[in-house]
Amino acid sequence: MGDETDGSSRAAQGALDTDNLDSRGLLGRLVAAILPAGAEESEEGADHAVANGTARPALTHGIGNLAKMRVEDVAIPKAEIDAVPLDISMEDLVQVFRESGLTRLPVYDGTLDSPIGMVHLKDFALRHGFNGKDTPFVLKDMIRPLLYAPPSMPIGVLLQKMQSQRMHMALVIDEYGGVDGLVTIEDLIEQVVGEIEDEHDIDEGTLWTVEKPGIYLVQARAPLDAFEDEIGLRLLDAEEEEEVDSLGGLIFMMIGRVPTRGEVIRHASGAEFEVVDADPRRIKRLRVRLPAVTAAAAASA
């Protein structure tokens, strides 16, 4: 990657010069056409936008979101970032890759507020997966640079930076230099084209799949009554049925907020709901363990 940014540098926060966008393909030209002339990610520019009512995020997908939405509107909160310390062992790094399902992980020195770059699963596999474990494990040798962006940066500007510098991940840095969140190129593109499904997602036409007996992987939009019929268990009282239509709505009603990825919510029936995928605005996928499964797990603990 051709970027020399380190964890303490904020040089990557400067707005990308749009004079040469014609050489960056269709995406760059579309972004340039949508962004207002002289768009900047400075705090002053953001304050001006808020004062004029132009900084509010759009509620629908479309190319116009590149100018309307800010990085803070789409970033994953700091508490939900999967990151690893510089001194992590190879075994623990493999475990984080396996459990998170991610291919890129930020690397920090001491705390997440001192990021030094990221590690890519491909680099790890080429060095230690295909060549065997005889190669000494030195995480520092595999670290790639990261982009850094302030919360007020228009997502179109960040998308230009990611495209031109060929980086797919950026850390959101607050005014004090601390890490405030994380955003990927997929997060930005989804604001234009809608949700992008990957190989880990359930097919659009499939609302749930059975992973093991008593364990379901379910889309949060699955109709609650249909899922209750599938599992033979009532999850909602009769007087509450008209208030909730989907499984995701049930979880929101139970805890009064959008849960974080990895969070486990326990139902009064004994069922457990593990949040497999979510963003700051909505729940996407859940893993449901029926009461018999949770009871067996508790008995064996």
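See the structure above.
First, a word on scope: everything that follows refers to the structure included in this document. The structure displayed is predicted, hence computed values, not measured ones.

1. Overview of the overall build of the protein chain
And step 1. Counting its regular elements, the protein chain contains 11 helices and 13 strands.
And step 2. By residue count, 43% of the 301 residues in the protein chain fall in the buried class.
And step 3. Considering only residue pairs separated by 6 or more positions, the protein chain has 53% of its internal contacts joining residues 24 or more positions apart.
And step 4. Of the roughly 15800 Å² of accessible surface on the protein chain, 50% is carried by carbon and sulfur atoms.

2. A few points about the pairing of strand E4 (residues 115-120)
And step 1. In terms of residue burial, E4 counts as a mostly covered element, since five of its six residues are buried.
And step 2. Two strands pair when backbone bridges link them, and strand E3 (residues 104-108) and E4 are joined in this way by five bridges, in the antiparallel orientation. Residue pairing in the sheet places Tyr108 in a bridge with Pro115 of E4.
And step 3. Hairpin geometry of E3 and E4 is characterised by an intervening segment of six residues between the two adjacent antiparallel strands and by a positive phi of about 95° at Gly110.

3. Points about the packing of helix H5 (residues 90-100) against helix H6 (residues 121-129)
And step 1. Remark: H5 packs on H6, axes separated minimally by 12 Å, with the N-to-C direction vectors making an angle of 135°. Here H5 lies oblique to H6, going by the angle between them. Considering how the two elements wind past one another, H5 and H6 form a crossing that is left-handed. Taken together, the residues of H6 that come into contact with H5 (itself represented by Met90, Leu93, Val94 and Phe97) are Leu121, Phe124 and His128.

4. Some points on helix H9 (residues 224-231)
And step 1. The complete set of buried residues in H9 reads Leu224, Phe227, Glu228 and Ile231. The buried side chains of H9 occupy one side of the element, clustering within an arc of 105° when seen end-on.
And step 2. Residues of H9 that are buried sit in contact with strand E9 (208-212), strand E10 (215-219), helix H10 (247-255) and strand E13 (283-289).
And step 3. Downstream of H9 by one or two residues, Gly232 has phi in the positive range, about 70°.

5. A few points about the sheet that holds E3
And step 1. The strand order across the open sheet formed by four strands is E2-E3-E4-E5, and the pairing between neighbours is mixed. At either end of the open sheet lies a strand with only one pairing partner, and these are strand E2 (84-85) and strand E5 (143-144).
And step 2. In this structure, E2 lies alongside E3, joined through two bridges in parallel fashion. From the neighbouring strand, Pro85 faces E3, where its bridge partner is Tyr108.
And step 3. Packed on one face of the sheet, H5 meets E2, E3 and E4 and runs near 135° to E3.
And step 4. Sheet strands in contact with H6 are E4 and E5, and its direction is about 65° off that of E4.

6. Description of the sheet that holds strand E12 (residues 272-278)
And step 1. Sheet architecture is open: five strands sit in the order E9-E10-E13-E12-E11, paired in antiparallel fashion. The sheet is open, and its two borders are formed by E9 and strand E11 (264-266), each paired with just one other strand. Across this sheet, the average inter-strand angle for adjacent strands is 25°, counted without regard to direction.
And step 2. Across six bridges, the pairing between E12 and E13 is antiparallel. Bridged to Asp277 within E13 is Arg285.

7. Quick notes on the pattern of salt bridges
And step 1. Counted by the stated rule, this structure contains 12 salt bridges.
And step 2. Close ionic contact of Arg289 with Glu274 constitutes a salt bridge, the shortest N to O distance being 2.9 Å. Here Arg289 is found in strand E13, whereas its partner Glu274 is found in strand E12, with 15 residues between them in sequence.
And step 3. The class for Arg289 is partly exposed, based on a relative accessible area of 22%.
And step 4. Taking the relative accessible area as the measure of exposure, Glu274 reaches 18% and is therefore buried.
And step 5. Here Arg285 and Asp277 are joined by a salt bridge, their closest N and O atoms 3.9 Å apart. This pair shows no difference in class: Arg285 is buried, exactly as Asp277 is.
And step 6. Put simply, Glu211, Glu274, Arg287 and Arg289 are held in one network by salt bridges that share partners.

Criteria and thresholds
- Residues numbered from 1 in each chain as written.
- Predicted model: local features only at pLDDT ≥ 70, side-chain atom pairs only at ≥ 80, totals over all residues.
- Heavy atoms only, no water.
- Helix = DSSP H or I, 4+ residues; strand = E, 2+ residues; numbered from the N terminus.
- Buried < 20%, exposed > 50% of the residue type's maximum accessible area, 1.4 Å probe, protein only.
- Contact = heavy atoms within 4.5 Å.
- Areas by Shrake-Rupley, 256 points an atom, 1.4 Å probe, with all protein chains shown as cover.
- Pairing = 2+ DSSP bridges.
- Axes fitted to C-alpha atoms, helices over the stretch in contact; angles between N-to-C directions.
- Parallel < 35°, antiparallel > 145°, perpendicular 65-115°, else oblique.
- Left-handed = near helix turned anticlockwise from the far one by under 90°.
- Arc of directions from axis to C-beta.
- Salt bridge = Lys/Arg side-chain N within 4 Å of Asp/Glu carboxyl O.

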